[in-house]
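# Structural overview for review
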Amino acid sequence: PRLLRPSAGPPIGQGAPPRRACLFAGYDPDGRIDDYVVRYVRELSRHADVYYLADCWMAPEELARLAPFVKGAWAERHGTYDFGSWSRLATTHVGWEAISGYDELLLVNDSCYLVRPLDHVFAKMDATACDWWGLQATKRDFHGSGTLPTVRGLVDSLPDAMPGARHVDHLHVSSYFVAYRRPVTADAGFRRLLAGVASEPDKSRIILRYEIGLSRYLLTSGLRMATFIDHLYPYHPAYTEAAFALLGHGFPLLKRLLLSDNPLAAADVSDWKSRVQSIVPDAPVEEME
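Residues numbered from 1 in each chain as written. Predicted model: local features only at pLDDT ≥ 70, side-chain atom pairs only at ≥ 80, totals over all residues. Heavy atoms only, no water.

### Some thoughts on the overall build of the protein
Note the cut-off: Where helices and strands are cited, they refer to DSSP runs of H or I of at least four residues and of E of at least two residues respectively, numbered from the N terminus. The globule rule is 2.2 Å times the number of residues to the power 0.38, and the radius of gyration it is compared with is taken over C-alpha atoms. To sort residues, take the accessible area from a 1.4 Å probe on protein chains only and compare it with the maximum for the residue type: under 20% means buried, over 50% means exposed, and anything in between is partly exposed. Here a residue-residue contact requires only that any non-hydrogen atoms of the pair lie within 4.5 Å. For accessible areas, the Shrake-Rupley method is used with a probe of radius 1.4 Å. Any residue's cover is judged against the shown protein chains and nothing else. Just so you know, the count uses Lys and Arg for positive and Asp and Glu for negative, and it drops His and the chain ends. Every charge is mapped onto a representative atom, which is NZ of Lys, CZ of Arg, CG of Asp or CD of Glu.
The number of helices and strands found in the protein is 14 helices and 11 strands. In terms of overall size, the protein behaves like a compact globule, its C-alpha atoms giving a radius of gyration of 18 Å where 289 residues would be expected to give roughly 19 Å. Counting only C-alpha atoms and orienting by the principal axes, one finds that the protein spans roughly 50 × 45 × 45 Å. Residues counted as buried form 53% of the 289 residues belonging to the protein. Expressed as a percentage of contacts within the protein between residues at least 6 apart in sequence, the contacts between residues at least 24 apart total 77%. Approximately 12500 Å² of the protein is accessible, and the part contributed by carbon and sulfur atoms is 50%. Within the protein, one finds 31 positive and 35 negative side-chain charges whose respective centroids are separated by 6 Å.

### Notes on the packing of helix 9 (residues 188-195) against helix 10 (residues 203-220)
Filter applied, for reference: All axes are obtained by fitting lines to C-alpha atoms, using only the stretch in contact for helices, and the reported angles, taken between N-to-C directions, cover 0 to 180 degrees. Comment on the angle field: the value is read as roughly parallel under 35 degrees, roughly antiparallel over 145, roughly perpendicular from 65 to 115, and oblique elsewhere. Throughout, the ten residues Ala, Val, Leu, Ile, Met, Phe, Trp, Tyr, Cys and Pro are labelled nonpolar, Asp, Glu, Lys and Arg are labelled charged, and all others, Gly among them, are labelled polar.
One way to put it is that helix 9 packs onto helix 10 with a least axis distance of 10 Å and a crossing angle of 170°. On the basis of the axis angle, helix 9 is roughly antiparallel to helix 10. Where helix 9 approaches helix 10, its residues Gly189, Phe190 and Leu193 are matched on the opposing element by Tyr210, Leu214, Tyr217 and Leu218. A class-by-class count of the residues in the contact of helix 9 with helix 10 yields 6 nonpolar, 1 polar and no charged.

### Some words on the sheet that holds strand 10 (residues 225-227)
Rules: Strand pairing follows a simple DSSP-based rule, namely that at least 2 bridges must link the two strands.
Taken together, the 7 strands give an open sheet; going across it, the order is 3-2-1-4-9-6-10, and neighbouring strands pair in mixed fashion. Because the sheet does not close on itself, it has two edges, and the strands there are strand 3 (72-75) and strand 10. For this sheet the average axis-to-axis angle between neighbouring strands, irrespective of direction, equals 15°. The pairing of strand 1 (residues 20-26) with strand 4 (residues 104-109) spans 6 bridges and is parallel. In the strand pairing of strand 4, Ala25 is matched with Asn109.

### Description of the pattern of salt bridges
Cut-off, in case you're wondering: By definition here, a salt bridge exists when the distance from a side-chain nitrogen of Lys or Arg to a carboxyl oxygen of Asp or Glu is within 4 Å.
Using the criterion set out here, one finds 16 salt bridges in the structure. Residues Arg77 and Asp55 are paired through a salt bridge, measuring 3.1 Å at the closest nitrogen-oxygen approach. Within this pair, whereas Arg77 is found in the loop between strand 3 and helix 3 (81-93), its partner Asp55 is found in the loop between strand 2 (49-54) and helix 2 (60-63), the two being separated by 22 residues in sequence. Under the relative-accessibility criterion, Asp55 is labelled buried at 4%.

### Thoughts on the nonpolar core
In plain terms, the rule: Residues enter a nonpolar core if they are buried and are Ala, Val, Leu, Ile, Met, Phe, Trp, Tyr or Cys, with the set joined through side-chain atoms within 4.5 Å.
Phe24, Leu44, Trp132, Trp133 and Phe177 are the most contacted members of the largest nonpolar core, which totals 93 residues. Ignoring any residue separated from it by four or fewer positions in sequence, one finds Trp132 in contact with Val173, Val178, Ala179, Tyr180, Val184, Ser215, Leu218, Leu219, Leu223, Arg224, Met225 and Ala226.

### Focus: the confidence of the model for the protein
Detailed reading of predicted coordinates is not advised where the pLDDT is low. We apply this condition: A score between 0 and 100, pLDDT records how confident the predictor is in each residue.
Counting all residues, the mean pLDDT for the protein is 90, and 93% of those residues have values of 70 or more. Scored below 50 in pLDDT, residues 1-6 shows 16 contacts in the model against residues more than four places distant or in partner chains. Low pLDDT (under 50) marks residues 160-164, which in the prediction has 6 contacts with non-local residues, meaning those over four places away or in another chain.

This is the structure in structure tokens:
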């Protein structure tokens, strides 16, 4: 790995509100645009120009539900998951020339419910010096307790820690909401990786090659990372009891899979509605249910 850059890119939007593009990846087994997706895209449209692509067939009237809030909306079955949608949006439907005119590029998917508005997230991150950021970072082999390490501290120690670690155990930003600034979007390697998304035999390969792999590429290229949640939680906080603690720290999203499948057997998830409302009283829990 190359040495990390001595300093990150500056905060953005100091003189004028930053211009953002948001590439939104969707999927629905029934070819529907659900109400929670409309809510999420509508909120994103307050902060960015949104471009939507679903990895499934959708009728024109379904895509029309997003029309007031997007610059473009498409649906095509390509079978390469969210990264495939982001790849096609970046290279074909929107194009790198258009993306280069934005201060920040967001990659977002429909795997989360929007629990609260995003103003406080963008206010904090706009004031943060970095080249790219996400809502939270994760590390598969981290199961610590007590005082949680800061993500910044872990990033500073990465040149020594990365070479011997298993690929799957590398620190990475969860890809359901990531933002890249111009030092990243202009990087030829970043563009090549996103353009080269290919079909994989299972979703785990997508995670290894693109979610973990892209984070590793950017970090070892000296492109500085930041996260909205300052600390690293035991793996994976979005699917454990920590998801509710994160809401208490201003986290804006709740993972759909936590409620539908509870994949890491978090306690008391059946009581999620009252737990969410105790933290965010006006959260749209009925719509989520």
